[in-house]
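For reference, the chains in residue letters:
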Amino acid sequence: MGTGRRTVMAHTGTTEADGGGAPGRPGPAQEEAPDAPAAIGRRVKRLRKERGLTQRQLAEPAYTAAYVSTLEAGKVRPSEAGLRHLAERLGVAHEELATGKPTHIATSLRMGLADAQRTLAVEDAADARAAYEQILGRAEEYGLTQERAAALVGLGECALETGELTEALARFEAAEHALADDPLPARARAVRGRSVAHYLAGELRYACYLLESAIDGLNTSGLHDPGALLQLYTASIAPYMDMGAHARAAQAAELALALVPQVSDPALVATMHRTVARTLLAEGRVDAAQASLARATELYEQLQIRTELAHCHWMRGYVCAQHDDLAQAETELRIAHSMLVSKRAALYVSQVEVELADVLRRGGKSAEAAELLESLLAGLKPGRGALHAGGAHRLLGLIAEEAGDAEAAELHYATALSLLEQTGAAGDLADICRLLGDLLRSEGRTEAALNAYRTGLGHRAEPGTTTLGPAPARPPFGHWA
């Protein structure tokens, strides 16, 4: 995390003497307030020179050139009347001269944040990153905490999309730190981002811990913010499902659905519908899952959020694969894959490739599936995507076993087991142990097979909880009625 913090702090500006650094912007080592006499003096001097005025021209008729010289040197603090006189002569707002913040700068940055978010949704993450970086620099320059935190969260979301999980964590942590004195709901988006980064890295238990802690904090402290809770409950569903905590996932889905009437942000509602579809499928409620996906797709199309639309096609492909409609599953997954490739969403591309390879293998295209999986694994960086790396090795093991190469199959199963044990994905762990056990038993290695089965049963028998404590407190829905 130290490296991430240095990355974030690299944006905090430059040291400034009169001839260096950004004009009117003190460096971090100076620790100078923007309304300090020296800071005001530098602003006056810079603006005066930009306008081609002498000290006498700026001062008259109310003040002297000596007064302006003393003020520009930072030796005196100008009076309120003096500030207003200077601001009028310089043609700037009083607030800008007094604080260094141009009029309406916060509004301008918020508009920029909205544009950057739209760029991330419909264009390339690199373009959105550049916009967020610029906003971050200006927010830091003018000491605008809310806008700075929003830019950091945006940069974290860009890093999530491109699969740079270490950078994403650093950005989200910096945003939380910036908002440390704000109410918990203000930090919900950053907490959600951190948890998603840990989840994508295969750290399921910690991802759930972050979300559960925040949910408890909201529900037990009277901060029952529907939008914040909806983000957190929705984010918890995927790690719960992968850990085999299906009861927790179903409860989170139930509570998220109950929150929808209280939330006006269509993007949050769409993400909830897309994510809840997974719990509905696990319960065998296919029609309800399809309806939930249709609602999510409709909202994403209205908002033109391409990455999330790709996730909807991905989920449809998963549904079709579960019902052995392999042709339609392949079609949906290829659409999702193409959309994510065009967005350069590297980590999500890898996840879809695992699903697609499974469909190809089941459809008799094992060679194509193996080629796709080998390419996927070659492109994964260490510490990224343990879940789908494990899934890739599982499929390669099946392909090898079907081809009669028991040695290669065992190696892939063992590798998958090692990767998945880092994540706590109980269902996947039990499945890979079953596959390994069956392979060993077919070779007459009975004791080794029994050990594999016992390991799988141990994972399957683990309680469906993710922390040492009880499930998060429920929100008092009646409070909002």
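Calculation notes
Residues numbered from 1 in each chain as written. Predicted model: local features only at pLDDT ≥ 70, side-chain atom pairs only at ≥ 80, totals over all residues. Heavy atoms only, no water. Helix = DSSP H or I, 4+ residues; strand = E, 2+ residues; numbered from the N terminus. Buried < 20%, exposed > 50% of the residue type's maximum accessible area, 1.4 Å probe, protein only. Contact = heavy atoms within 4.5 Å. Axes fitted to C-alpha atoms, helices over the stretch in contact; angles between N-to-C directions. Parallel < 35°, antiparallel > 145°, perpendicular 65-115°, else oblique. Left-handed = near helix turned anticlockwise from the far one by under 90°. Nonpolar A, V, L, I, M, F, W, Y, C, P; charged D, E, K, R; others polar. Expected span 1.5 Å × (residues − 1). Polar contact = N/O pair within 3.5 Å; in protein donor to acceptor, adjacent residues only side chain to side chain. Phe/Tyr/Trp six-rings, centres within 6.5 Å; stacked < 30°, edge-to-face > 60°. Core = buried A, V, L, I, M, F, W, Y, C linked by side-chain atoms within 4.5 Å. Salt bridge = Lys/Arg side-chain N within 4 Å of Asp/Glu carboxyl O. pLDDT = per-residue confidence, 0-100. Arc of directions from axis to C-beta.

1. Describing the overall build of the protein
Next, step 1: A count of helical and extended segments in the protein gives 24 helices and zero strands.
Next, step 2: Put simply, the protein has 481 residues, and 51% of those count as buried.
Next, step 3: Residue pairs at least 24 apart in sequence account for 60% of intrachain contacts in the protein once pairs closer than 6 positions are excluded.

2. A short note on unusual backbone geometry
Next, step 1: Of note, the amide linkage connecting E60 to P61 takes the cis form, showing an omega dihedral of 5°.
Next, step 2: Positioned with a positive phi, Q304 is a non-glycine residue whose angle comes to about 60°.
Next, step 3: Note on placement: Q304 falls in the loop between helix 16 (286-303) and helix 17 (306-322).
Next, step 4: In this structure, D324 is a non-glycine residue whose phi angle is positive, near 60°.
Next, step 5: Mapped onto the secondary structure, D324 falls in the loop between helix 17 and helix 18 (326-342).

3. A look at the packing of helix 19 (residues 346-362) against helix 21 (residues 386-402)
Two packed helices can be described by the angle between their axes and the distance between those axes.
Next, step 1: In the contact formed by helix 19 and helix 21, the axes pass within 10 Å of each other and the chain directions differ by 20°. With respect to their mutual orientation, helix 19 and helix 21 come out roughly parallel. Relative to helix 21, the crossing made by helix 19 is left-handed. Contact residues: helix 19 offers L347, S350, Q351, V354, A357, D358 and R361, while helix 21 offers H388, G391, A392, L395, L398, I399 and E402.
Next, step 2: Here the contact of helix 19 with helix 21 is composed, by residue class, of seven nonpolar, four polar and three charged.

4. Side note on helix 15 (residues 266-282)
Next, step 1: Between its first and last C-alpha, helix 15 extends 25 Å over 17 residues, near the 24 Å set by a 1.5 Å rise per residue.
Next, step 2: Most of helix 15 is tucked away: 13 of the 17 residues are buried.
Next, step 3: For helix 15, the capping residue at the N-terminal end is D265, with a side-chain oxygen 2.9 Å from the backbone nitrogen of A267.
Next, step 4: Taken from the residues just after helix 15, G284 is the one with a positive phi, measuring 80°.

5. With respect to the packing of aromatic side chains
Next, step 1: Scanning the model with the defined rule gives two aromatic pairs in all.
Next, step 2: Ring plane angle 20° and centroid distance 5.0 Å describe the contact between Y63 and Y67, whose orientation is recorded as stacked.
Next, step 3: When the ring of Y206 is compared with that of Y209, the centres are 5.7 Å apart and the planes differ by 25°; the resulting orientation is stacked. Residue Y206 and its partner Y209 are both found in helix 12 (residues 204-220); the two are separated by three residues, about one turn of the helix.
Next, step 4: The class of Y206 is partly exposed, set by a relative accessible area of 36%.

6. Describing the nonpolar core
Next, step 1: Counting 136 residues, the largest nonpolar core has L160, L200, Y233, Y413 and I432 as its most contacted members.
Next, step 2: If you tally residues by element for this core, the top one is helix 13 (residues 226-242), at ten residues.
Next, step 3: Residues in contact with Y413, not counting those within four places in the same chain, are R394, G397, L398, E401, I432, L435, L436 and L439.

7. Some remarks on the pattern of salt bridges
Next, step 1: For the structure shown, the criterion picks out 32 salt bridges.
Next, step 2: With its nearest N and O atoms 3.2 Å apart, the salt bridge here joins R445 to E443.
Next, step 3: Judged by its relative accessible area of 35%, R445 is partly exposed.
Next, step 4: Taking the shortest distance from any N to any O, the salt bridge between R454 and E447 comes out at 3.8 Å.
Next, step 5: Of the residues examined, R454 reaches a relative accessible area of 47% and is grouped as partly exposed.
Next, step 6: In this structure, a network of salt bridges that share partners links the residues R394, D431, R434, D438 and R441.

8. Regarding the confidence of the model for the protein
Next, step 1: Here the protein shows a mean pLDDT of 85. Residues at 70 or above account for 87%.
Next, step 2: Within the protein, the element-level pLDDT minimum falls on helix 1 (residues 2-9), averaging 35, and the maximum on helix 10 (residues 165-178), averaging 96.
Next, step 3: Counting contacts from residues 1-30, a segment whose pLDDT is below 50, to residues more than four positions away or on other chains yields 46 contacts.
Next, step 4: This model gives residues 461-469 a pLDDT under 50, and the stretch forms 15 contacts once residues within four places in sequence are excluded.

9. Comments concerning helix 4 (residues 65-72)
Next, step 1: Every buried residue of helix 4 is accounted for by A65, V68, L71 and E72. Buried residues along helix 4 cover an arc of 125° about the axis, so they all sit on one side.
Next, step 2: The inward-facing, buried residues of helix 4 contact helix 2 (37-50), helix 3 (55-59) and helix 5 (80-90).
Next, step 3: After helix 4 finishes, the residue G74 shows a positive phi value of roughly 75°.

10. Description of the side chain of K343
Next, step 1: Mapped onto the elements, K343 comes out in the loop between helix 18 and helix 19.
Next, step 2: There is a polar contact of 2.3 Å between the side chain of K343 and the backbone oxygen of L120.
Next, step 3: Among the polar contacts made by the side chain of K343, one reaches the main-chain carbonyl oxygen of E123 at a distance of 2.7 Å.
Next, step 4: Beyond its immediate chain neighbours, meaning those up to four positions away, K343 contacts T119, L120, A121, V122, E123, E161, R306 and T307.

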